[in-house]
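Below, each chain spelled out in residue letters.
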Amino acid sequence: MTAGARTLPVRLAPLAGEALDSWLEALARRLHTPLGEVLRHFGFPARLRRGNRLKGIPPDWTILLSEQETSAIAQASGLDPQTITSMTLAHYDQRALRINFERRHVNRWVLWGRGGGSRFCPDCLRDSDGRWQLAWRLGWSYACVLHGRLLADCCPDCGRIQRQRPRSGRVIPLPAICGNPPAARGGPRTSGCGFDLTQTRTLQLPVGHPALTAQKRLLDVIETGTAAFGPYAISPQPSQAALADVRAIGGRVLADLPAPDIRNLVPADIAEEHFTVEPGSRLALRANDRPGFMAPPRAVSTAVAVIIALHVLEQSDFHRAGEVMRGLLEAMREELWQISASSIDNWGRGLTPVLQGVNLAALAPTLRPSEQLRYRTVTHMPRRPTTGREETGRARKIPSIFWPSWAVRLTPSDGIYPRVLAPVLAASLLITGSRITLEDAAEHLGAVTDGIDISRVLQLLDDQPYWSTMVTALVQLGDHLDATDVPIDYQRRRRLDYTELLPHERWREICRSTGTSPGTGRRETVVRCQLFQRISGLPAEFAPGYVAGNEAQFRAESVRYAARQTPELAQALMEEARNFLTGHRIRDEPVTWQPPLTLLTGLDLPGADPDQIDVPRLHRLVRQRKNPVQHAAELFSTSVEAIRLVLDEQPAPALPPTKTAARATGHTRFKARQEVSKETFTRLYLDEHRSLQQIADLMGFSRPVLTELAREYGIALRAGPQDYKPRGTIEREWLIDQYVIRRRTLPDLARETGMSTANMARWAHAHKIPLRPRGGGSHDTALRVTEQAARIPAILRKALTSPYAWQRLERFTAASSYPTIREAAQALGINQPTLVIQINRLERDLGKSLLERAERGRAMKLTSFGKKVVAAARNIH
């Protein structure tokens, strides 16, 4: 092509949507010049009989222009290059067709691309004086939405497609006249066969006709470049991808859908036109050759395919679209099971996730339950598993036995044992949205079940009416796990060595400290196995020391243990679990964790809802009957597992034991430890110099119990009278000097003289010395506090406001290392309210917050100021 074409003497603007060849012909008519002269003026080389491709001459300039060709036309015509490009099929590339830029032709194997030729609307040709629209060349154009009629496929006189070959360049092209050469061999050279195409008759379509509605939809998708209707609203797709979906459905419709079903799905006029074939029609013969494989040669066939395809794809959601698609599939195949989730995708190339989801929704009733999980068929958008999913990543987040709170909600009231279902649910969660096999899923979770059992249980669940809601729950949970950092690595937990978990001596010690009867060896085994299951996520039967063969007795004892457990025992076992994990260098994980149950909100699940159980009433029941768990399950119309779950999370407080039972279980000693703390014992026995019998009378416990308590506290008992100081006479002058002038306290004077505080008070009464009222600090103690305050760091001085300030500071420092105030109070042997009051007093004295209190799922921790206070206090000690 030569550069620098001269400006044309006449300029002609193209019509909206006009094709390049039409504009060139109109320009030739306007200049009253043969078409070939116009082409030569723009620098287009003359077309030869052969070898055009080797010389870079394309079969049709309307497909694609080079930059040089575009620039030449722009310079000569005064049009901008973008307008010129918009008159070529390159305008639709990657939207409605694909162009091979190297060979400059349309790919006919995808998107129903037409290699050449154009349909036409006779009315449009008449109204525009023979100007042709570029969109008529698309395989997707079959109707004129302006004039409401089907497009014509060919010249009704010669029977050949228009614009399939270049027009003769030796003549001035006539408007709206067939441009094909005469059918008679050796005929005169003309601009075509001579038929007036405006006289072509096609099917008229009334306003609102489904064919027009479908055509408008396609043109809108092509123009905007995006499909966002129906199921595509959830996942918008590029226009070429959405058109590939239409082609996949439409092609299968033309190839396989029986005629009666087509007549039921399209308007009668379209169906009649589709099935009416003119004798000897070459287009009709081509339409029967692998129909739907490439662009349908007849406009009415395209209309049939597009109307039915959009009938599927314009449904409001995936599942409605799947129902319509299922009807098509059942009409095409005798049995729906003949079509698999993998084979249906071979019905078209480059299917979008939207059509894949519609196909999966259509096949859902015939899929195996594991495939329903794999393809997430119950979700708003079924989809294929993501390739390359890291199954081990999700396996680290899943215990081998499903979380108890979730298992209770998903376990049917009858038909499947919970202990069988729990590992299957865990494996099903790993299968959801994954390509992993059933056997591999079981292996990833510790091989507590196998692929055969998983398949068998899922088949049983698939027959139940609640199966779809269970699948929904598992899919939602799987999505939550993929998007959440689970605080426990269950894969690591499964590999720990549990042989040293809860040794016999430690179990006995816990029983003594909590006032629990240790029971027989079976009870100890049950507790150890239950603790193993809680930590590892594996079945209790996998615990070291579990004896196989007595499963029924083990389960019965497990149920009884649920009723016997007390809050104190549960807390002690939880602390034991923490110590076990710490011993294996796991300090950053909680003992247990579960996904939020809010994910189940609104789902009608088959299992019981533990939240509906009246916990205070349950606590009363389990302490009053011989078989309380079974009785409570019947009374609350729920399952035994639901009752066990509630009692495990909220153990029932123990009833006050009888004296005999209290001695046998160590409950008396436990109660004494709660009421007579080490500080109280020290004050009564060492500071006030009371005897064990006096303390026993005061606190209500026997001397042997107090003796054991003193040994536990490490308080050396007095051996006999030789350990007591003689109680001599107290002189009045000495008492006035020490108590009145020096303002020492009576307990201080009593310790010095070896007598009780009460005896010292009697001496003051005998000498007629009035006693100071209780509650005020003594002068001596106040002096000591002031002297100590002067020697300590400045950050602590405001806290030393009373004689008990050191006690408050020491208790706060000790409590700071515990996750909750409650645990700290238990460890320090004081009541929780006392510790709270003392910490609050410290914060008030120091003027700043020391602790961030524990919340659900988060342990108590020090504030930055609290860390400084603890560090200063520990440096002093």
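What comes next is a walk through the structure. (Residues numbered from 1 in each chain as written. Predicted model: local features only at pLDDT ≥ 70, side-chain atom pairs only at ≥ 80, totals over all residues. Heavy atoms only, no water.)

This part covers the overall build of the protein chain. Within the protein chain one finds 42 helices and 8 strands. Each of the 877 residues in the protein chain was classed as buried or not, and the buried ones make up 50%. For the protein chain, the proportion of contacts with a sequence separation of at least 24, taken over those separated by at least 6, is 68%. As displayed, the protein chain has an accessible area near 43200 Å², and 50% of this comes from carbon and sulfur atoms. (Helix = DSSP H or I, 4+ residues; strand = E, 2+ residues; numbered from the N terminus. Buried < 20%, exposed > 50% of the residue type's maximum accessible area, 1.4 Å probe, protein only. Contact = heavy atoms within 4.5 Å. Areas by Shrake-Rupley, 256 points an atom, 1.4 Å probe, with all protein chains shown as cover.)

Take the packing of aromatic side chains next. Scanning all chains against the criterion turns up 14 aromatic pairs. On the numbers, 5.2 Å between centres and 20 degrees between planes, the contact of Tyr-498 with Phe-580 is stacked. Here Tyr-498, found in the loop between α21 (490-495) and α22 (504-514), pairs with Phe-580, found in helix α25 (residues 567-583); they are 82 residues apart in sequence, far enough to count as distant. A relative accessible area of 5% places Tyr-498 in the buried class. (Phe/Tyr/Trp six-rings, centres within 6.5 Å; stacked < 30°, edge-to-face > 60°.)

Here we come to the side chain of Arg-104. Structurally, the position occupied by Arg-104 is in the loop between β1 (99-100) and β2 (105-106). Take Arg-104: its relative accessible area is 13%, and that puts it in the buried class. At 2.8 Å, the side chain of Arg-104 and the backbone oxygen of Leu-64 are in polar contact. (Polar contact = N/O pair within 3.5 Å; in protein donor to acceptor, adjacent residues only side chain to side chain.)

Under the counting rule described, the total for this entry stands at 2 cavities of 30 Å³ or more. Quantified by volume, the second largest cavity comes out at close to 40 Å³. What lines the second largest cavity is Asp-60, Ile-63, Leu-89, Arg-114, Gly-115, Gly-116, Gly-117 and Arg-137. Its residues assigned to classes, the lining of the second largest cavity shows 2 nonpolar, 3 polar and 3 charged. (1 Å grid on protein atoms, 1.4 Å probe; cavity = no way out; pocket = protein on both sides within 12 Å on 5 of 7 lines; lining within 4 Å. Points joined across faces, edges and corners; volume = space filled by probe spheres on them. Nonpolar A, V, L, I, M, F, W, Y, C, P; charged D, E, K, R; others polar.)

Its 14 residues give helix α17 (residues 418-431) an end-to-end C-alpha distance of 20 Å, which sits within 8% of 20 Å, the value for a rise of 1.5 Å per residue. The buried fraction of α17 is high, at 11 of 14 residues. Among the residues making up α17, those that are buried are Leu-421, Ala-422, Pro-423, Val-424, Leu-425, Ala-426, Ala-427, Ser-428, Leu-429, Leu-430 and Ile-431. Considering only its buried residues, α17 is in contact with α14 (369-374), α15 (391-395), α16 (404-410), α18 (438-444), α19 (451-462) and α20 (467-483). (Expected span 1.5 Å × (residues − 1).)

Among all positions of helix α9 (residues 268-275), only Ile-270, Ala-271 and His-274 are buried. Down the axis of α9, the sector holding all buried residues measures 100 degrees, keeping them to one side. Of the surrounding secondary structure, the elements contacted by the buried residues of α9 are β4 (149-150), α6 (210-224), α7 (239-256), α8 (259-265) and α11 (299-313). (Arc of directions from axis to C-beta.)

What follows concerns the environment of Glu-443. Structurally, Glu-443 can be placed in helix α18. Judged by relative accessible area, Glu-443 falls into the exposed class, the value being 54%. For the pair Glu-443 and Ala-427, spaced 16 residues apart in the sequence, the C-alpha separation amounts to 9.1 Å.

With that settled, consider the pattern of salt bridges. Scanning the model with the defined rule gives 40 salt bridges in all. One salt bridge in this structure joins Arg-126 and Asp-127, with 3.7 Å as the shortest N-O distance. Accessibility expressed as a relative area gives 47% for Arg-126, which makes it partly exposed. Classification of Asp-127 as exposed rests on a relative accessible area of 52%. Between Glu-641 and Arg-644 there is a salt bridge, and its shortest N-O distance comes to 3.9 Å. Here Arg-644 and Glu-641 lie together in helix α28 (residues 640-649), a separation of 3 residues that amounts to about one turn. Each of Asp-21, Glu-25, Asp-60, Arg-137, Arg-163 and Arg-167 takes part in one network of salt bridges that share partners. (Salt bridge = Lys/Arg side-chain N within 4 Å of Asp/Glu carboxyl O.)

Quick look at the nonpolar core now. Generally speaking, nonpolar side chains in soluble globular proteins are found buried as a group. Counting 75 residues, the largest nonpolar core has Leu-89, Tyr-92, Trp-140, Tyr-142, Ile-249, Val-312 and Met-325 as the members making the most contacts within it. Where this core is concerned, the elements lending two or more residues are α6, α7, α9, α11, α12 (318-332) and α13 (353-363). Looking at this core, the element that brings in the most residues is α11, giving 12 residues. The next biggest cluster of nonpolar side chains, apart from the first, holds 43 residues, and it includes Leu-421, Ala-426, Leu-458 and Ile-488. (Core = buried A, V, L, I, M, F, W, Y, C linked by side-chain atoms within 4.5 Å.)

As for its position among the elements, Gln-464 is in the loop between α19 and α20. Its relative accessible area of 33% is what places Gln-464 among the partly exposed residues. Separated by 142 residues in the primary sequence, Gln-464 and Pro-606 have C-alpha atoms spaced 9.5 Å apart.

Summarising the element assignment, Arg-30 is placed in helix α1 (residues 20-31). Taking the C-alpha atoms as reference, Arg-30 lies 8.1 Å from Leu-12; in sequence the two are 18 residues apart.

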